[in-house]
Amino acid sequence: MIKKIGLLFVFVSCLLIFQCVLAAENVAGSEKRIGIMSAMDNEINLLLTNADIEYEDKVGGITFHVGTLCGKNVVIVRSGIGKVLSAAGTAALFNRYDISELIFTGVAGGVSDETQLLDIVIATDLVQHDYGTIDSSGHVWTPPYDGPEDGFFQCDSSLVDLAYKTAAETIGEDHVFKGTVVSGDQFVSSSSYVKLLQERFDAYACEMEGASVAAVCRQYEIPFVVIRTMSDKADGLAVESYENWVETAADQSSSVVMKMLKEMD
Ligand code: ADE
């Protein structure tokens, strides 16, 4: 009998140790960290230049840069372009690290008549402009299944306020806007589509990742904000404008993120 109890004890202990090893493999480090995500290399370059990276962790083709930036523990990650890769990158980040909040930084096309080249838009909420139904009349927008009823994913208001204040201090209040950012798997280069985005969503900017990242943040209940500098006006000249301004615009958003980090608790 005693022998049987002993064997059972050894078996249960082994099971517990095995589970601990598995858990350790899934969570790389137990410290809380701020997640900073972008779609492209040129949107994280300035952050990486200024960060002290302790190690790099490669999972599923995504490199997580783990270290400190402006005195804060961070994970900096480039997800890749578009809604699929940005959602996958966000889920991988949240599954692997203990993330307290997520800041998404990068460039966008200006949609509002008010936003000019190199202005900054801080997203208050985000929507997938290409979601919906195709019927005989074409695309009919609907809110996503399993999302907020109206389809608008809300950013964290404290992060929005801090991002707005920091951006206004950096480039002046006249060049910073808070508003709806729309995301879709298309680079928008059409004045008529810009009109549609204004009328349907009252949008300030369009890009290709924010709303999908927002959907994952909602599932994991992690506060987030999206900061975008306008590289173009999403019109017929968008491609040329984007090519000329993407680096400057990306660095400007990164500068705001770094100043924000200094002010965060
Ligand atoms: N990112 C930067 N400019 C963009 C545009 N015009 N459309 C979609 N994503 C963008």
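Whatever comes next refers back to the structure up there.
Residues numbered from 1 in each chain as written. Predicted model: local features only at pLDDT ≥ 70, side-chain atom pairs only at ≥ 80, totals over all residues. Heavy atoms only, no water.

## Considerations on the overall build of the chain
And then number 1: Each helix and strand in the chain was counted, giving 7 helices and 12 strands.
And then number 2: Here the chain, with 265 residues, has 49% of them falling under the buried criterion. (Helix = DSSP H or I, 4+ residues; strand = E, 2+ residues; numbered from the N terminus. Buried < 20%, exposed > 50% of the residue type's maximum accessible area, 1.4 Å probe, protein only.)

## Focus: the environment of Glu243
And then number 1: Structurally, the position occupied by Glu243 is in helix H7 (residues 238–263).
And then number 2: For Glu243 and Asp232, which are 11 residues apart along the polypeptide, the C-alpha to C-alpha distance reads 9.0 Å.

## Notes on the site of the ligand
And then number 1: By nearness alone, 13 residues border the ligand, and Gly109, Phe187, Val188, Glu207 and Asp232 come closest of all.
And then number 2: Within the backbone of Gly109, a nitrogen or oxygen atom sits 3.3 Å from a nitrogen atom of the ligand.
And then number 3: Contact with the protein chains covers 96% of the free accessible surface of the ligand, which is 260 Å².
And then number 4: Per-element tally for the shell around the ligand: the top contributor is strand E5 (residues 98–110), with 3 residues.
And then number 5: Grouping the constituent residues of the shell around the ligand by class yields 8 nonpolar, 3 polar and 2 charged. (Near = heavy atom within 4 Å. Polar contact = N/O pair within 3.5 Å; in protein donor to acceptor, adjacent residues only side chain to side chain. Areas by Shrake-Rupley, 256 points an atom, 1.4 Å probe, with all protein chains shown as cover. Nonpolar A, V, L, I, M, F, W, Y, C, P; charged D, E, K, R; others polar.)

## A word on the pattern of salt bridges
And then number 1: Taken as a whole and assessed by the stated rule, the structure comprises 12 salt bridges.
And then number 2: Its salt-bridge partner being Lys32, residue Asp98 comes within 2.9 Å of it at the nearest N-O pair. Taken together, the residues span a long stretch of sequence, with Asp98 in strand E5 and Lys32 in strand E1 (residues 32–38) at a distance of 66 residues.
And then number 3: Of the charged contacts in the structure, one is a salt bridge between Lys165 and Glu169, with a shortest N-O distance of 3.6 Å. In this pair, Lys165 and Glu169 are both assigned in helix H4 (residues 157–171), 4 residues apart and thus about one turn of the helix distant.
And then number 4: According to the relative accessible area criterion, Lys165 is partly exposed, its value standing at 36%.
And then number 5: Judged by its relative accessible area of 54%, Glu169 falls in the exposed class. (Salt bridge = Lys/Arg side-chain N within 4 Å of Asp/Glu carboxyl O.)

## Notes on helix H6 (residues 210–220)
And then number 1: Those residues of H6 lying buried are Gly210, Ala211, Ser212, Val213, Ala214, Val216 and Cys217.
And then number 2: Two residues or fewer after H6 comes Glu221, characterised by a positive phi angle close to 55°.

## Points about the packing of H4 against H7
And then number 1: It is at 9 Å that the axes of H4 and H7 come closest, and there the two elements cross at 120°. Classified by the angle their axes make, H4 and H7 are oblique. Relative to H7, H4 is oriented so that their crossing is right-handed. For the pair formed by H4 and H7, the contact residues are Leu159, Leu162, Ala163, Lys165, Thr166, Ala167, Thr170 and Ile171 on the first element and Gln252, Val256, Lys259, Met260 and Glu263 on the second.
And then number 2: Among the residues forming the contact of H4 with H7, the class breakdown is 7 nonpolar, 3 polar and 3 charged. (Axes fitted to C-alpha atoms, helices over the stretch in contact; angles between N-to-C directions. Parallel < 35°, antiparallel > 145°, perpendicular 65-115°, else oblique. Left-handed = near helix turned anticlockwise from the far one by under 90°. Contact = heavy atoms within 4.5 Å.)

## Points about the side chain of Lys83
And then number 1: Its location among the elements puts Lys83 in helix H3 (residues 83–96).
And then number 2: The contact partners of Lys83, leaving out residues within four places of it in the chain, are Gln128, Asp130, Ser183, Gly184, Asp185, Met208 and Ser212.

## Quick notes on unusual backbone geometry
And then number 1: Even without a glycine there, the phi angle at Cys70 is positive, about 50°.
And then number 2: Of note, Cys70 is situated in the loop between strand E3 (62–69) and strand E4 (72–78).
And then number 3: By relative accessible area, which is 25% here, Cys70 ends up partly exposed.
And then number 4: Phi angles above zero are rare outside glycine, and Asp146 is one such case at about 60°.
And then number 5: Mapped onto the fold, Asp146 is located in the loop between strand E8 (138–140) and strand E9 (153–154).
And then number 6: Look at Asp146 and you get exposed, because its relative accessible area is 72%.

## Looking at the packing of H3 against H6
And then number 1: Close contact between H3 and H6 brings their axes to 8 Å; oriented N to C, the two are set at 30°. When the axis of H3 is compared with that of H6, the two are roughly parallel. You can see that H3 and H6 cross each other, and the crossing is right-handed. The segment H3 lies against H6, with Lys83, Ser86, Ala87, Thr90, Ala91, Phe94 and Asn95 engaging Ser212, Val213, Val216, Cys217 and Tyr220.
And then number 2: Class assignment for the residues of the contact of H3 with H6 results in 7 nonpolar, 4 polar and 1 charged.

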